[in-house]
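The lines below spell out each chain.
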Amino acid sequence: MNNGNTHHQPQILVTGGLGFIGSHTVVELQNEGYEVFIIDNLSNSNLDVLKGIYNITGIKPKFFQFDLLDKEKTHQFFNQHRINGVIHFAASKAVGESVEKPLKYYENNIGSLVNVLQGMLDNNCNHFIFSSSCTVYGQADTLPITESAPLKPAESPYGNTKKISEEILLDATRSSELKAIALRYFNPIGAHPSAEIGELPLGVPNNLIPYVTQTAAGIRTQLSVFGNDYPTPDGTAIRDYIHVVDLAKAHIAALKRLLNHENKSQLEIFNVGTGMGSSVLEVIQAFEKATHMKLNYQLVGRRAGDITAAYADTSLVHKELGWKTEKSLEDALLDAWNWQLKQK
Ligand code: WQD
């Protein structure tokens, strides 16, 4: 925890800073002594998260509640605060919802990004970290997946907004002083070991781990395993599940690279995962081992749009950012379970 004099420490804006990955990144930024500003419209979060952050670090981030689609407010914010770097998480991220409401996703995810970038450029703020996703690879031809793997047609409008956002960053960095790093996340899971912050899925969880912990907690009666006829060792799909605290620390490493002018090009892209793949059944076994809980699940048909396998080649992010994961799958599952137990 930083008690030092931070008035000369860089001021960092975290958009979507009360979200799942955003809140964990705010904690790590504060641990590193940065002054953190959060903009969040609370569309997928709540103010308890601010309290959770404070309970962990003892430092209250400066919080501004407004929608980044409000161009005027966004410009005003950059006008009134000297921001040295921006980590941009604010976006809608429910894959299924994006298929039903594509225009909401294009307007929100692209519109917010453009407003933030414009606000930065108008106020000489040139360091930008972007929350991207391995979904841009679709089903990669070879595994593990490197950053030079070809991008595939997006599986959803959500995934397409990530691809389009990266293209916007390419054009924006080529035509200005902006320097950006896009982090392509694999599957973020878990919660802070303090159980003060974690994932808050609204309604029925789409993602595997919240569904697992809610089933174990008796909120859901049974987990459905989507497909056991994939061409994988146990027939279930493989993903690269990364602890959200490890993922948060990758953002700190990327931010330092930009603030220290160590970037080798205006836009750099890194895959951020553990480098290891785990099948759904392996996750279930790891959960039962870590928590000594018995999980009630059934094998059902595949979910539309799912790919067989994805896991990261982490050599570039390790070489350039000096970052790698420290926590195991079991650590993440246990932290997710402890967080679940604290939910009312
Ligand atoms: C993981 C595996 C499912 C639920 C998505 C987005 C991606 C990123 C992470 C935002 C798959 C299986 C799941 C369930 C199951 N989100 N599963 N039963 O689909 O890899 O990635 O979330 O950036 O962009 O696409 O994650 O957790 O939904 O699924 O069997 O109840 O678990 O089929 O194999 P996914 P997921």
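Below or above, wherever it landed, is the structure these notes cover. Per chain, residue numbering runs from 1 following the sequence as it is written. Under the rules for a predicted model, residues below a pLDDT of 70 receive no local features and side-chain atom pairs below 80 are neither given nor counted, while totals for whole chains, interfaces and linings still include all residues. The side-chain numbers reported here are obtained from all heavy atoms of the structure, hydrogens and water having been left aside.

With that out of the way, let us pick up the side chain of threonine 215. Runs of H or I in DSSP of at least four residues are treated as helices and runs of E of at least two as strands, each being numbered from the N terminus. By the element assignment, threonine 215 lies in helix α7 (residues 208-216). Between two residues, a contact is recorded if the distance between any of their heavy atoms is within 4.5 Å. For threonine 215, the contacting residues outside a window of four places in its chain are Arg220, Thr221, Gln222, Leu223, Leu295 and Asn296.

A separate point is the site of the ligand. Throughout, the term near means that a residue has one or more heavy atoms lying within 4 Å of the molecule or strand in question. Around the ligand there are 19 residues in total, and Tyr158, Leu208, Ser224, Arg239 and Asp306 lie nearest to it. Here a polar contact means two N or O atoms within 3.5 Å. Within protein one must be a hydrogen donor candidate and the other an acceptor candidate, and residues neighboring in sequence count only if both atoms are side-chain atoms. Here an oxygen atom of the ligand sits 3.0 Å away from a polar atom, N or O, in the side chain of asparagine 207. Under the convention used here, a 1.4 Å probe and the Shrake-Rupley method define accessible areas, while residue burial counts only the protein chains that appear. Protein burial of the ligand: of its 690 Å² of free accessible surface, 89% is covered by the chains. A total of four residues in the shell around the ligand trace back to one element, the largest contributor, which is strand β8 (residues 223-226). Considering only residue class, the shell around the ligand consists of 10 nonpolar, six polar and three charged. Residue polarity follows a fixed list, in which Ala, Val, Leu, Ile, Met, Phe, Trp, Tyr, Cys and Pro are nonpolar, Asp, Glu, Lys and Arg are charged, and the others, Gly among them, are polar.

Which parts of space are left empty comes out when a probe the size of a water molecule is rolled across the atoms. Cavities and pockets are found on a 1 Å grid laid over the protein atoms alone: a cavity is a set of points where a 1.4 Å probe fits but cannot escape, a pocket is an open set with protein on both sides within 12 Å along at least five of seven lines, and a lining residue has an atom within 4 Å of such a point. Grid points are joined across faces, edges and corners, and a volume is the space filled by probe spheres set on the points. By the definition in use, this model includes one cavity of 30 Å³ or more. By volume, the largest cavity amounts to about 40 Å³. Taken together, His88, Ala90, Ala91, Asn109, Phe130, Thr161, Lys162 and Ser165 make up the full set of residues lining the largest cavity. For the lining of the largest cavity, the element with the most residues is helix α6 (residues 157-174), which contributes three residues. Taken together, the residues of the lining of the largest cavity break down into three nonpolar, four polar and one charged.

Let's shift gears to the packing of aromatic side chains. Working definition: rings of Phe, Tyr and Trp (its six-membered ring) pair if their centres are within 6.5 Å, and the pair is stacked with planes under 30 degrees apart, edge-to-face with planes over 60 apart, and tilted otherwise. The full count for this structure, using the stated rule, is six aromatic pairs. An angle of 15 degrees between the planes, with centres 6.3 Å apart, marks the rings of phenylalanine 37 and phenylalanine 64 as stacked. Taken together, the positions of phenylalanine 37 in strand β2 (residues 35-39) and phenylalanine 64 in strand β3 (residues 62-64) put the pair 27 residues apart, joining distant regions of the chain. Overall, the relative accessible area of 2% leaves phenylalanine 37 in the buried class. Relative accessibility thresholds used throughout: buried, under 20% of the residue-type maximum; exposed, over 50%; partly exposed, between the two (1.4 Å probe, protein chains only). According to the relative accessible area criterion, phenylalanine 64 is partly exposed, its value standing at 24%. Taken together, the ring pairs in this structure connect Phe37, Phe64, Phe77 and Phe78 into an aromatic cluster. Above the ring of phenylalanine 37, the side-chain terminus of lysine 62 is found at 5.4 Å from the ring centroid. Only Lys NZ and Arg CZ are tested; either one counts as a charge over a ring when it is within 6 Å of the ring centre and within 35 degrees of the ring normal. Its end group placed over the ring of tyrosine 230, arginine 302 keeps NZ or CZ at 4.0 Å from the ring centre.

This part takes up the nonpolar core. As a rule of thumb, soluble globular proteins bury nonpolar side chains together. We define a nonpolar core as any set of buried Ala, Val, Leu, Ile, Met, Phe, Trp, Tyr and Cys residues linked to one another through side-chain atoms lying within 4.5 Å. Counting 38 residues, the largest nonpolar core has Ile12, Leu29, Ile53, Leu183, Val272 and Trp323 as the members making the most contacts within it. Sorting elements by how many residues they give to this core places helix α8 (residues 244-259) first, with 10 residues. Phe37, Ala90, Leu169 and Ala182 belong to the second-largest nonpolar core, a separate cluster that totals 23 residues.

Our focus in this paragraph is the pairing of strand β4 (residues 85-88). Here β4 shows two buried faces, one formed by Gly85 and Ile87 and the other by Val86 and His88. Across three bridges, β4 lies against strand β5 (residues 127-133) in parallel orientation. Residue pairing across strands places valine 86 opposite phenylalanine 128, the latter belonging to β5. By this definition, two strands are paired if DSSP reports at least two bridges between them.

Burial analysis of strand β11 (residues 267-272) places five of its six residues in the buried class, which makes it a mostly covered element. Sheet analysis places strand β6 (residues 179-185) next to β11, joined by six bridges and oriented parallel. Bridge pairing in β11 links alanine 182 to isoleucine 269.

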